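Residue-level structural notes
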There are 2 protein chains.
Amino acid sequence: MLSKNQIKLIKSLKNKKQRHLNKMFIVEGKKSVSEFINSKYDLHKLFSINISDFNLTNTVQISESELSKISFLTNPKDHLAIFTIPIEKPVNENKLLVGLESINDPGNLGTIIRTCEWFGINDIICSVDSVDCYNPKVVQSAMGSLSRINITYLDLSNFLKSKSIIKYGTFIKGESIFENKIIVDKGILVFGNEANGISDNLRSILDVELTIPRFNSENYPESLNLSNSVGIILSEFSRKFNEKKNL
Amino acid sequence: MLSKNQIKLIKSLKNKKQRHLNKMFIVEGKKSVSEFINSKYDLHKLFSINISDFNLTNTVQISESELSKISFLTNPKDHLAIFTIPIEKPVNENKLLVGLESINDPGNLGTIIRTCEWFGINDIICSVDSVDCYNPKVVQSAMGSLSRINITYLDLSNFLKSKSIIKYGTFIKGESIFENKIIVDKGILVFGNEANGISDNLRSILDVELTIPRFNSENYPESLNLSNSVGIILSEFSRKFNEKKNL
């Protein structure tokens, strides 16, 4: 049974300010909830139409119609959990990092988190104006990977200036990722906003300007989807790094 | 000024059956509308808050509030156009094809269309139960690329059986795309449904089972986002093909 205060709290967590004031966010669906339970994240409360799935003490049994009242999904699932937003961990600069400037679309950020985990990235660094990683749509599209990837919001320009690691940026024009021969196991790969790319300010701090070559003779499309670009570049970096390791 | 019948027609085009009965679909936003006008597609009618942008005869000047009534977008833009659904063109089997089985998510299909164009794919073949490429969300996320890519809906299993081209499928486990040395300029790359992958029926027809290797020591995430997988594999095929061409 849901209390009015619980409904009010959950609904408020759709809002970024409320999430960070309460230090709480929502995860939905058995699979994702289970991955967060098995991670560094602390469960605050679980609302479940099937409490035997987890058998935890801080669980509230709810009905399907109660779930549909509180769910952020078009098709509510079985479980809705409130987790505590943890304190940010320090960035591990001895591995390859992904930096995101002013990323806007929650679905993109979620997919990028999932893809980063696939390619062994542990840290994603976002400029402070980027979409919040605890936004329900980010959590949803990251499909559990958010529970294992460290995401840090900071002044990206200051961070880049203060670090003596190699800084790659991705642009519509630049050196082909296939022709760039530098093979690194540390450094940062920076991606810009969906519509505007990397800002001039950030661009001036970067060491290498990379591009994914277009394999057609037209000038279309103008760009690739942001999360697709991240996937393609991480894949190419991983391929080269692995080939070097096996030499 | 919008007529009641026009509003009714436009709203009906959110529905797949109505789109195909009327042989019409909606494109929104100056950039996309302009790309469709400059393509093989026939403009049926343009509804515009700024008719001087295009200066076409079959344009209806509308107000911003009228646009917000008919737009499928959360943030309506400037133009909404009705285009005619063309007759499907024959598939060009002498180039690399992309095949999609039971693809479900309109955003994924749109992104795949855009990414396919980037990598020079001309034909995408979808199983008949795949999401309709004239779905407004597909048109939106394809960002104009739909106007230049040929999409054919057919019985994918029969198509594959009847063609003597090399058939690649993409799976969670298979031969690494980086280790597979076959370099082709024709053939078909098949991708399965977002949740279930390629069906057993289709799998039995394929020649090569490929995978994108996971570059971490965990079993997470279980999979990559579908459009990201398409991007990574097309990128790797293009890289190899280009290296061979330059030898």
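Not measured: the values here are computed from a predicted model.

Moving on: the overall build of chain A. On a plain count of helices and strands, chain A comes out with nine helices and ten strands. For chain A, whose C-alpha radius of gyration is 20 Å, the value lies close to the compact-globule estimate of 18 Å for 247 residues. Over its C-alpha atoms, taken along the principal directions, chain A stretches across nearly 60 × 40 × 35 Å. The buried share of chain A, taken over its 247 residues, is 41%. A sequence separation of at least 24 residues applies to 76% of the contacts in chain A between residues at least 6 apart.

Time to look at the interface of chain B and chain A. Contacts between the two partners involve 28 residues from chain B and, on the opposite side, 28 residues from chain A. Breaking the side of chain B that touches chain A down by element, the ones donating at least two residues are α5 (106-118) and α9 (226-245) of chain B. Within the side of chain B that touches chain A, the residues separate by chemical class into ten nonpolar, 13 polar and five charged.

With that out of the way, let us pick up the domain arrangement of chain A. Residues and elements named next belong to chain A. With domains assigned, chain A is organised as domain 1 (4-84) and domain 2 (96-245). The C-alpha-based centres of domain 1 and domain 2 are spaced at 30 Å. Taken together, the contact between domain 1 and domain 2 spans 14 residues of the former and ten residues of the latter. Those elements giving two or more residues to the side of domain 1 that touches domain 2 turn out to be α2 (16-22), β1 (24-28) and α3 (30-37). Counted by class, the side of domain 1 that touches domain 2 contains six nonpolar, two polar and six charged residues.

So, about the sheet that holds strand β6 (residues 123-127) of chain B. Residue and element names in this part refer to chain B. Strand order in the open sheet formed by six strands is β7-β6-β5-β9-β8-β10, and the pairing between neighbours is parallel. Bordering the open sheet on either side are β7 (150-154) and β10 (208-211), each of which pairs with just one other strand. The sheet shows a mean angle of 35° between the axes of neighbouring strands, taken without regard to direction. As judged from the five bridges shared by strand β5 (residues 96-100) and strand β9 (residues 187-191), these two strands associate in the parallel manner. Residue pairing in the sheet places L96 in a bridge with G187 of β9. Lying on the sheet, α9 is in contact with β5, β8 (167-176), β9 and β10; it crosses β9 at an angle near 155°.

Our focus in this paragraph is the packing of helix α5 (residues 106-118) of chain A against helix α9 (residues 226-245) of chain A. Each pair of packed helices can be summarised by the angle the axes make with each other and by the distance between the axes. Residue and element names in this part refer to chain A. Where α5 contacts α9, the axes come no closer than 9 Å and their chain directions differ by 15°. When the axes of α5 and α9 are compared, the pair comes out roughly parallel. Like other packed secondary-structure pairs, α5 and α9 cross with a definite hand, here right-handed. In this structure, α5 uses N108, T111, I112, T115 and C116 to contact α9, whose residues at the interface are L226, S227, V230, G231 and L234.

With an RMSD of 0.0 Å, chain B superimposes on chain A once it is rotated by 180° and translated 0.0 Å along the axis. Each copy turns onto its partner about a two-fold axis. The share of interface residues of chain B whose copies in chain A are also at the interface is 100%, consistent with both copies meeting through the same surface.

Looking now at the environment of S147(B). Residue and element names in this part refer to chain B. The topology assignment puts S147 in the loop between α6 (136-142) and β7. You can call S147 buried: it has 23 C-beta atoms within 10 Å. Beyond its immediate chain neighbours, meaning those up to four positions away, S147 contacts E35, F36, S39 and Y41.

All names here are of chain A. For α3, the complete set of buried residues consists of S32, V33, E35 and F36. Buried residues along α3 cover an arc of 160° about the axis, so they all sit on one side. Tucked into the core, α3 has its buried residues touching β1, β2 (43-48) and β4 (79-84).

Further remarks concern the pairing of strand β8 (residues 167-176) of chain A. All names here are of chain A. With three bridges connecting them, β8 and strand β9 (residues 187-191) associate as parallel partners. The partner of Y168 across the bridge, within β9, is L189. In this structure, β8 lies alongside strand β10 (residues 208-211), joined through five bridges in parallel fashion. Paired with S176 across the two strands is T211, which belongs to β10.

What follows concerns the sheet that holds β1(A). All names here are of chain A. The strand order across the open sheet formed by four strands is β1-β4-β2-β3, and the pairing between neighbours is mixed. Two strands lie at the open edges of the sheet, namely β1 and β3 (59-61), each paired on one side alone. The sheet shows a mean angle of 20° between the axes of neighbouring strands, direction not considered. Bridge analysis of β2 against β4 gives five bridges, and the strand direction is antiparallel. Within β4, the residue paired with L46 across the bridge is A81. On top of the sheet, α3 reaches β1, β2 and β4; it is set at about 25° to β4, its chief contact.

The next point concerns the nonpolar core. Within the largest apolar cluster, 124 residues are counted, with the highest numbers of intra-cluster contacts made by C116(A), I124(A), I233(A), C116(B), I124(B) and I233(B). Setting aside residues up to four positions removed in sequence, C116(A) forms contacts with V98(A), I121(A), I124(A), I149(A) and L234(A).

Moving on to the environment of G231(A). Locating G231(A) in the fold gives a position in helix α9. Accessibility expressed as a C-beta count within 10 Å gives 30 for G231(A), which makes it buried. Between the C-alpha atom of G231(A) and that of L210(A), which follows or precedes it by 21 residues, the distance is 14 Å. Setting aside anything within four residues of it in sequence, one finds G231(A) in contact with T115(A), L224(B), N228(B), G231(B) and I232(B).

Attention now moves to the environment of N94(B). Residues and elements named next belong to chain B. You can see N94 is positioned in the loop between β4 (79-84) and β5. Classification of N94 as exposed rests on a count of 10 C-beta atoms within 10 Å. Sequence spacing of N94 and I165 is 71 residues, and the spatial spacing of their C-alpha atoms is 9.0 Å.

Conventions and cut-offs
Residues numbered from 1 in each chain as written. Chains lettered and ligands numbered in written order. Predicted model: local features only at pLDDT ≥ 70, side-chain atom pairs only at ≥ 80, totals over all residues. Helix = DSSP H or I, 4+ residues; strand = E, 2+ residues; numbered from the N terminus. Rg over C-alpha atoms; globule rule 2.2 N^0.38 Å. Buried ≥ 20, exposed ≤ 12 C-beta atoms within 10 Å, placed from the backbone. Contact = placed C-beta atoms within 7 Å. Nonpolar A, V, L, I, M, F, W, Y, C, P; charged D, E, K, R; others polar. Domains from an automatic or database assignment. Pairing = 2+ DSSP bridges. Axes fitted to C-alpha atoms, helices over the stretch in contact; angles between N-to-C directions. Parallel < 35°, antiparallel > 145°, perpendicular 65-115°, else oblique. Left-handed = near helix turned anticlockwise from the far one by under 90°. Least-squares fit on C-alpha atoms with pLDDT ≥ 70 in both. Arc of directions from axis to C-beta. Core = buried A, V, L, I, M, F, W, Y, C linked by C-beta atoms within 7 Å.

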